[in-house]
Amino acid sequence: MIKSMTGFGQSRHVDKDTEVLVELKSLNHRFLEVNLKSAEIQSEDEEYFKKTISKKLKRGKVDIHIKVNTSSNGKLEINSELLAEFQKAIKNELLISNELTLRDIKDIPGILKITKSSKIKPPTLKKVFNKALADFLESRIEEGRKIHKVLINKIDIIQSKQKKVSKLCKRDLDKRIKIYKKRVKNIIEKYDENRLDQEITHLAMKADVSEELERIDFHLHSIKKELNNKNSSGKKIDFILQELFRESNTLTVKLDEPETKNIALEIKVLVEEMREQIQNIEWHG
């Protein structure tokens, strides 16, 4: 089962005069990175959140948003020392008088500090967080299901095109042999027909792509098997897709008939799209 690195989870708790909202969002990232965006959370709670997430995830950039609304009275603190320094500075510069208003100092960092008296208890906060986390993890699984469906669909399309290329290549081989024979006949007046057929067939077989088609088919079945594996490995899928892309590229280069080459190019594009899509899943192993 594959999981997406993108996800969203939310949980809300209301208790008397306090409301707590926890939101978790994640995006693609090579490693696991957890960021907490809240000025109302204690360091020990932050450590708990990050440790809990690290046990559940391997990759992704996760943002935790925690908002606490309370109707309780807040507390206003004034940094008297910093205020005195500010008054002294403006007096020395003869900027304004010593009579300052709240409007004058409210936007100066460090002078005013307003703290809300939250009554939220740590166990309650953790409970709300864990609910949001469960919702978040489920969303990653759901997104993983969508990615799985997209990848399987692309594999089915590639397999269909691969079979078509295989069929066309047999037709193209006969056509190529006839073209070679016609060219040689125009040059040589007397020739050994059996020897000529051998040489022409040899030349034509150099452009044979049956081996590439077999490898593509093998890689497609390997990816399907891995996608349907309960403990699927994103790293392994990525490796197989690299090999699949290499074979599809070789196939495109070796083919020269326009119709067949175009189908091979479509296969190459689909493989590249799968490689981009697989970067969106969480890797295991």
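Residues numbered from 1 in each chain as written. Predicted model: local features only at pLDDT ≥ 70, side-chain atom pairs only at ≥ 80, totals over all residues. Heavy atoms only, no water.

**Observations regarding the packing of aromatic side chains**
- Inspection of the entire model under this criterion finds three aromatic pairs.
- Their ring planes at 65 degrees and their centres at 6.0 Å tell us that Y48 and F49 sit as a pair that is edge-to-face.
- Under the relative-accessibility criterion, F49 is labelled buried at 1%.
- Residues Y48 and F129 carry aromatic rings whose centres are separated by 6.2 Å and whose planes lie at 65 degrees to one another, so their mutual orientation is edge-to-face. Taken together, the positions of Y48 in helix α1 (residues 43-56) and F129 in helix α4 (residues 122-187) put the pair 81 residues apart, joining distant regions of the chain. (Phe/Tyr/Trp six-rings, centres within 6.5 Å; stacked < 30°, edge-to-face > 60°. Buried < 20%, exposed > 50% of the residue type's maximum accessible area, 1.4 Å probe, protein only. Helix = DSSP H or I, 4+ residues; strand = E, 2+ residues; numbered from the N terminus.)

**What to know about the packing of helix α7 (residues 234-254) against helix α8 (residues 258-278)**
- Packing of α7 against α8 leaves a shortest axis separation of 9 Å and a crossing angle of 160 degrees. Comparing the axis directions of α7 and α8 gives the class roughly antiparallel. Handedness of the α7/α8 crossing: left-handed. Between α7, through I237, D238, L241, Q242, L244, F245, S248, N249, L251, T252 and V253, and α8, the contact on the second element is made entirely by K261, A264, L265, I267, K268, V271, E272, M274, R275 and I278.
- A breakdown of the residues in the contact of α7 with α8 according to their chemical character gives twelve nonpolar, four polar and five charged. (Axes fitted to C-alpha atoms, helices over the stretch in contact; angles between N-to-C directions. Parallel < 35°, antiparallel > 145°, perpendicular 65-115°, else oblique. Left-handed = near helix turned anticlockwise from the far one by under 90°. Contact = heavy atoms within 4.5 Å. Nonpolar A, V, L, I, M, F, W, Y, C, P; charged D, E, K, R; others polar.)

**Some details on the environment of R12**
- Counting through the fold element by element, R12 comes out in strand β1 (residues 7-15).
- Considering only alpha carbons, one finds R12 and V68, 56 residues apart in sequence, at a separation of 10.0 Å.
- Of note is the side chain of R12, whose polar atom sits 2.7 Å from the side chain of E19. (Polar contact = N/O pair within 3.5 Å; in protein donor to acceptor, adjacent residues only side chain to side chain.)

**Structural notes on the side chain of E247**
- Take E247: it is sitting in helix α7.
- On the basis of relative accessible area, E247 is assigned to the buried category, the value being 9%.
- In this view, E247 contacts E212, R215, I216 and H219; residues no more than four positions away in its chain are not counted.

**Thoughts on the pattern of salt bridges**
- Using the criterion set out here, one finds 16 salt bridges in the structure.
- When the shortest N-O distance is used, the salt bridge between E47 and K51 registers 3.2 Å. Of this pair, E47 and K51 are both found in helix α1, four residues apart, which corresponds to roughly one turn of the helix.
- Residue classification places E47 among the partly exposed positions, given a relative accessible area of 46%.
- Across the pair K154 and E273 runs a salt bridge whose closest N-O atoms are separated by 2.7 Å. (Salt bridge = Lys/Arg side-chain N within 4 Å of Asp/Glu carboxyl O.)

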